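What the coordinates show
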Amino acid sequence: VNETAASVDDFCMTASVGRTGAHHRFREYFTTLLFATISPLVLVLGLWLVYLFRTAGLEEERKKCRDETIFVLLLAIYVLLPPISTIIFEGIPCDEDFGVEGESYLMSDYGVSCSSEEFKRITAYVYLCIAVYPIGMHAFELTILWAHRKDIVVRNPRALHLAFLWEAFKPA
C-alpha cells in the first residue's frame, strides 16, 4: 500500500512539475477552489463600498444607485455561478481505480487521498460553498425577483434593472 501511495505521489509531483515548471508539489485544486469562491466575495464587498461612497448623503441617488448595484451583482452571479459551481463540485468525486483495494484519490487533485484529513477539510469547505453558491445565490436571485414580482408582472420600468432575468418569460 505504501508503494502505491509513493507512486501516486511521484505521479502527482511529475504532473505538477510538467504543468507548472515548479520543483515542488502544489495543491492545484484547493488553490483554485479558494480563488473561485473568495474572489466573488471580494467583488461583492467592492460593489458594496462603491454603493456606499456613491450614495453618501444623496438620498435621491440611493434608489438609482441601488438598482445599478443590484444589476451588476446579479449579472456577475449569472455569469460566474456556472464555472464556480463546476469548480466546487469537482471537490467531491474520488477515483478508486488504482488497483489497490481501499485506495482512492480526489479526481481533481491526485495528491489528496480520499481517506486523509486534508480531504475531509476540503469536502467540508466544498459543502459550505455548495450552500453559499449553487443554493445561496439562487435563493438571493429568487428573493430579489420576489420583491419585484408586482413590477415584473406589469412590466413596470422600475424592474428594468432585472429584465435580463425575466424578459423572455410571459406572465401567466
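Residues numbered from 1 in each chain as written. Predicted model: local features only at pLDDT ≥ 70, side-chain atom pairs only at ≥ 80, totals over all residues. Heavy atoms only, no water.

**Some remarks on the overall build of the chain**
We apply this condition: We count a stretch as a helix when DSSP gives it H or I for four or more residues in a row; a strand needs E for two or more, and each element gets its number in order from the N terminus. Using a 1.4 Å probe, the Shrake-Rupley method yields the accessible areas, and only the shown protein chains count as cover for residues.
The helix and strand inventory of the chain stands at 6 helices and 2 strands. Listing each helix as α and each strand as β along the chain from the N terminus yields α-α-α-β-β-α-α-α. Roughly 11,000 Å² of accessible area belongs to the chain as shown, and the carbon and sulfur atoms make up 67% of that amount.

**A closer look at helix α3 (residues 59–89)**
Rules: What a helix is expected to span follows from its residue count: subtract one and scale by 1.5 Å. Fitting axes to the seven residues ending at a residue and to the seven starting there, one defines the bend at that residue as the angle between these axes.
Over its 31 residues, α3 runs 43 Å from end to end, which matches the ideal 45 Å to within 8%, given 1.5 Å per residue. At L80, α3 is deflected by roughly 45°, the largest bend along its length, and proline P82 occurs up to four residues later in sequence.

**Brief notes about the state of the cysteines**
To keep things clear, this is the line we draw: Defined by distance alone, a disulfide is two cysteine sulfur atoms within 2.5 Å. Burial classes follow relative accessibility: with a 1.4 Å probe on protein chains only, a residue under 20% of its type's maximum area counts as buried, one over 50% as exposed, and anything between as partly exposed.
In total, this model carries 1 disulfide according to the counting rule given. Here C94 is linked by a disulfide to C114, with a sulfur-sulfur distance of 1.9 Å. One quick way to see it: the torsion about the S-S bond of C94 and C114 is about -105°, and its sign makes the bridge left-handed. One end of the pair, C94, is in strand β1 (residues 94–95); the other, C114, is in the loop between β2 (105–106) and α4 (117–147), and 20 residues separate them in sequence. For C94, a relative accessible area of 24% puts it in the partly exposed group.

**Comments concerning the packing of aromatic side chains**
Here is the rule we go by: Put simply, two rings from Phe, Tyr or Trp (the six-membered ring, in Trp's case) pair if the centres are within 6.5 Å, and we call them stacked under 30 degrees between planes, edge-to-face over 60, tilted for the rest.
In this structure the tally under the stated criterion is 3 aromatic pairs. Arranged with centres 5.5 Å apart and planes meeting at 90°, the rings of F71 and F164 form a pair that is edge-to-face. With F71 in helix α3 and F164 in helix α6 (residues 163–166), this residue pair connects regions lying 93 residues apart in the sequence. Judged by its relative accessible area of 32%, F71 falls in the partly exposed class. Taking the relative accessible area as the measure of exposure, F164 reaches 25% and is therefore partly exposed. Seen in terms of ring centroids, Y78 and F164 are 5.7 Å apart; in terms of plane orientation they differ by 85°. Their pairing is edge-to-face. Linking Y78 in helix α3 with F164 in helix α6, this pair joins segments that are 86 residues apart in sequence. Members of the aromatic cluster, joined through ring pairs, are F71, Y78 and F164.

**Considerations on the nonpolar core**
Here is a general trend for soluble globular proteins: nonpolar side chains tend to be buried in one another's company. Worth spelling out the cut-off: The set of buried Ala, Val, Leu, Ile, Met, Phe, Trp, Tyr and Cys residues whose side-chain atoms join them within 4.5 Å is what this entry labels a nonpolar core. Any two residues whose heavy atoms approach within 4.5 Å at even a single point are treated as in contact.
In this structure, Y29, L74, I88, V126 and Y133 are the most contacted members of the largest nonpolar core, which totals 29 residues. Taken together, the elements giving at least two residues each to this core come down to α2 (28–55), α3, α4 and α6. Among residues more than four places away in sequence, those in contact with L74 are F140, E141, I144, L162, F164 and L165.

**A look at unusual backbone geometry**
Residues other than glycine predominantly adopt negative phi, and peptide bonds predominantly adopt the trans conformation. Backbone geometry places R155, a non-glycine residue, at a positive phi of 55°. Examined against the element boundaries, R155 turns out to sit in the loop between α5 (149–153) and α6. Residue R155 is classed as partly exposed on the basis of its relative accessible area, which comes to 33%.

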